[in-house]
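Per-entry structural report
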Amino acid sequence: MGASLDGSKRLRVLSALVDGNSERATARIAGVDRETVGRLSLQFGTGAVHLHNGLARHLAASLIQVDEIWSYVGKKQKRVTPEDPPYVGEAYTFVAMSATSRFVIGWHVGKRNEESARAFMEDVRARLCVMPSIVSDGFAPYIAAVGASFGPGVDYAQTVKNYSRKGRRDDDHRYEPAREAHFITKRAIFGAPDLDTASTAYMERQNGTMRHHIGRMRRLSYAFSKRPENHRAAVSLAYVHYNMCHIVSTLRTTPGMAAHVTDHLWEMEELLDALMTAKPCDPPAKEALRHREPEGPARELPGGRGFLRLVGGGKGAEPRPHVEPPPVAPVAVASAGPVADERGQLDLFSWHPKPPPKGQLSLFPDDDLR
C-alpha cells in the first residue's frame, strides 16, 4: 500500500512521475511495486486538484492564452469500436495560461467538443477577478463558451492556422500537413483585442514542456493511460508541479511566484507534504470581474465603469510634423454689379451676375436667381 511507504520512497516516486516516467519505469527507479505506484499517482493527482482549487483563486491575469493537447485513453480514436466504453479514445486537455506569469490557471480533460469547452471556460472564469483578454486557436466551440462565461464585453481573438491539402514537400513537420503561404490568420471575435500581440506561442511552448513531464502524452509511446481517472490524476499532478516547482527560464522564477500565488520556490519535499495533506477543496465560485488597467496612459472613470485611454492625437501626444499645403493658382473672378441706364443712374432691379469664367462652376444657376 502507498500509505506504508516511507517518506524517501514516496519522494522518489513523485520525482520520477513528474519527470515524465511511466508507472513501470517509476517502479523500477523507486524500487516499489507497480500497483503501489499506480495508487500513489492517484493519491498525488487527487491532492493536486484540491491544492490547485485552494491556490488558484482571485487571479489577476490580464492576458490569457488557450489551447488543447491531444492524447488518448486505452486506444486511439480510429480504433475505437461501438463496444468500447465512452471514455476510450481521444482525451484532449484544455489549458488556459497567463501570458505574463506563465501560470496555468485551469485545465479540463475531455473530448474535443463544445461541452468540454464550456466546462473548461466556466472553471477559468471562476478563478479570475479581472476581466482578461483571451487568445485561442480557431476551435469553433470556443466562441460560444467564451461568450457564455465572460459575455460579449471580453476582448477575445482567435489565431487560425491555415494548412494545405497538398502533399508534403519536406519533413520539417512530421505530424502536421503542409502549410499555406499565409499560415496564421488573426481575427477579433468579441470586444477590441490587440491583434498585433494576439498569439498562442507561449501556450504552445508550454504544451511541449508538458509532453516532457507527462509520459502519457508522448507520441509513439506505450506509456499511454488505460483508465481516465489515472490520466486526469497525472495531468493534475504535472500542472501543479509546473506552477509551483518549475522555473521558467525567461522569467527566472516559477509561475506561482510570478502570479503572486506563493512567495518562494517549492522544493519536492514541500510539494509532497502539500499533496499528502491537502484537504478536500471545491472549485471557487464566480465573482464580479473588475476592469483591467490599460498598459498605456489612461484615466479611471468614476463608479468603476472602466478607463479612458489615450489613443493618440490628443493632449500629450507627439505633435504631427507640419506639412506645407501645395500652392493654389489664383482664379480671376469677373466683377458683377448693377447695370446703369442711359441717364447714368443705377437700376438695382436689372442686376445679374456675370457668368463665371471658363472652367469654374457656378454655385447659383441663372434660373434660380430669376
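Naming follows an unreviewed UniProt entry, where the chain appears as Transposase of Polyangium fumosum.

**Some details on the overall build of the chain**
From N to C terminus, the chain includes ten helices and twelve strands. Across the 370 residues in the chain, those meeting the buried criterion constitute 40%. Long-range pairs, those at least 24 residues apart, make up 60% of the contacts in the chain with a sequence separation of at least 6. As presented, the chain carries roughly 22400 Å² of accessible surface, and 54% of it is formed by carbon and sulfur atoms.

**Regarding the nonpolar core**
Ranked by size, the top nonpolar core spans 41 residues in total, and within it Val13, Leu14, Phe44, Tyr239, Leu271 and Leu275 carry the most contacts. For this core, the secondary structure elements donating two or more residues are helix H1 (7-18), helix H2 (23-30), helix H3 (34-55), strand E4 (92-98), strand E5 (104-110), helix H6 (201-213), helix H7 (228-245) and helix H9 (268-277). The greatest single-element share of this core, amounting to eight residues, is contributed by H7. Grouped together as the second largest cluster of nonpolar side chains are 26 residues, Tyr92, Phe103, Tyr142 and Phe150 included.

**Re the side chain of Gln65**
By secondary structure assignment, the location of Gln65 is in strand E1 (residues 63-69). In contact with Gln65, not counting residues within four places along its chain, are Val95, Ala96, Met97, Ala99, Val135, Ser199, Thr200, Ala201, Tyr202 and Met203.

**With respect to the environment of Ile143**
Along the chain, Ile143 turns up in helix H5 (residues 141-150). Distance in space between the C-alpha atoms of Ile143 and Gln158 is 9.1 Å, their sequence separation being 15 residues. Aside from chain neighbours lying at most four places away, what touches Ile143 is Tyr156, Gln158, Ile189 and Phe190.

**Structural notes on the packing of aromatic side chains**
Per the stated rule, a full pass over the model turns up eight aromatic pairs. Consider the rings of Phe94 and Tyr142, whose centres lie 6.2 Å apart with planes at 90°: the pair is edge-to-face. Taken together, the residues Phe94 in strand E4 and Tyr142 in helix H5 connect sequence positions 48 residues apart. Both residues of the pair, Phe94 and Tyr142, belong to the buried class. A connected cluster of aromatic rings, assembled from ring pairs, spans Phe94, Phe120, Phe139 and Tyr142. When the ring centre of Tyr92 is taken as origin, the NZ or CZ atom of Arg112, which lies over that ring, is 5.6 Å away.

**Remarks on the pairing of strand E6 (residues 133-136)**
Side chains of E6 alternate between two faces, with Ser133 and Val135 and Ile134 and Ser136 buried alike. Of the pairings in the sheet, the one linking E6 to strand E7 (residues 155-163) comprises four bridges and is parallel in character. Paired with Ile134 across the two strands is Tyr156, which belongs to E7. Between the parallel elements E6 and E7, the chain passes through H5 in a crossover that is right-handed.

**Considerations on the environment of Thr209**
Among the secondary structure elements, Thr209 is positioned in helix H6. For the pair Thr209 and Tyr242, spaced 33 residues apart in sequence, the C-alpha separation works out to 9.1 Å. Every residue in contact with Thr209, bar those within four places of it in the chain, is listed here: Tyr242 and His246.

**Digging into the pairing of E1**
A regular strand places its side chains on the two faces of the sheet in alternate fashion. Here E1 lies mainly inside the structure; six of its seven residues are buried. Sheet analysis places E1 next to E6, joined by three bridges and oriented parallel. Across the sheet, Gln65 pairs through a bridge with Val135, a residue of E6. When E1 meets E4, the two strands line up antiparallel, connected through six bridges. Each bridged residue has a counterpart across the sheet, and for Glu68 the counterpart in E4 is Phe94.

**A short note on the environment of Lys186**
As for its position among the elements, Lys186 is in strand E8 (residues 179-190). Here the alpha-carbon distance between Lys186 and Lys161, two residues 25 residues apart in the chain, equals 8.9 Å. Ignoring sequence-local partners within four residues, the contact set of Lys186 consists of Gln158, Thr159, Leu195, Asp196 and Ala198. A distance of 3.1 Å separates a polar side-chain atom of Lys186 from the backbone oxygen of Leu195.

**Quick notes on unusual backbone geometry**
Notably, Arg102 is not glycine yet its phi reads approximately 65°, a positive angle. Note on placement: Arg102 falls in the loop between E4 and E5. Among the residues examined, Arg102 registers a relative accessible area of 10% and is labelled buried. Despite not being glycine, Leu220 shows a phi value in the positive range, around 55°. Structurally, Leu220 can be placed in the loop between H6 and H7.

**Quick notes on the pattern of salt bridges**
Taken as a whole and judged by the stated rule, the model has seven salt bridges. Residue Glu23 pairs with Arg34 through a salt bridge whose shortest N-O separation is 3.8 Å. Taken together, the residues Glu23 in helix H2 and Arg34 in helix H3 connect sequence positions eleven residues apart. Given the relative accessible area of 34%, Arg34 is considered partly exposed. Ionic pairing is found between Arg227 and Glu229, a salt bridge with its closest N-O pair at 3.3 Å. Linked through salt bridges whose partners overlap, the residues forming this network are Glu23, Arg34 and Arg216.

Analysis parameters
- Residues numbered from 1 in each chain as written.
- Predicted model: local features only at pLDDT ≥ 70, side-chain atom pairs only at ≥ 80, totals over all residues.
- Heavy atoms only, no water.
- Helix = DSSP H or I, 4+ residues; strand = E, 2+ residues; numbered from the N terminus.
- Buried < 20%, exposed > 50% of the residue type's maximum accessible area, 1.4 Å probe, protein only.
- Contact = heavy atoms within 4.5 Å.
- Areas by Shrake-Rupley, 256 points an atom, 1.4 Å probe, with all protein chains shown as cover.
- Core = buried A, V, L, I, M, F, W, Y, C linked by side-chain atoms within 4.5 Å.
- Phe/Tyr/Trp six-rings, centres within 6.5 Å; stacked < 30°, edge-to-face > 60°.
- Lys NZ or Arg CZ within 6 Å of the ring centre and 35° of its normal.
- Pairing = 2+ DSSP bridges.
- Right-handed = clockwise from strand over helix to strand, strands pointing away.
- Polar contact = N/O pair within 3.5 Å; in protein donor to acceptor, adjacent residues only side chain to side chain.
- Salt bridge = Lys/Arg side-chain N within 4 Å of Asp/Glu carboxyl O.

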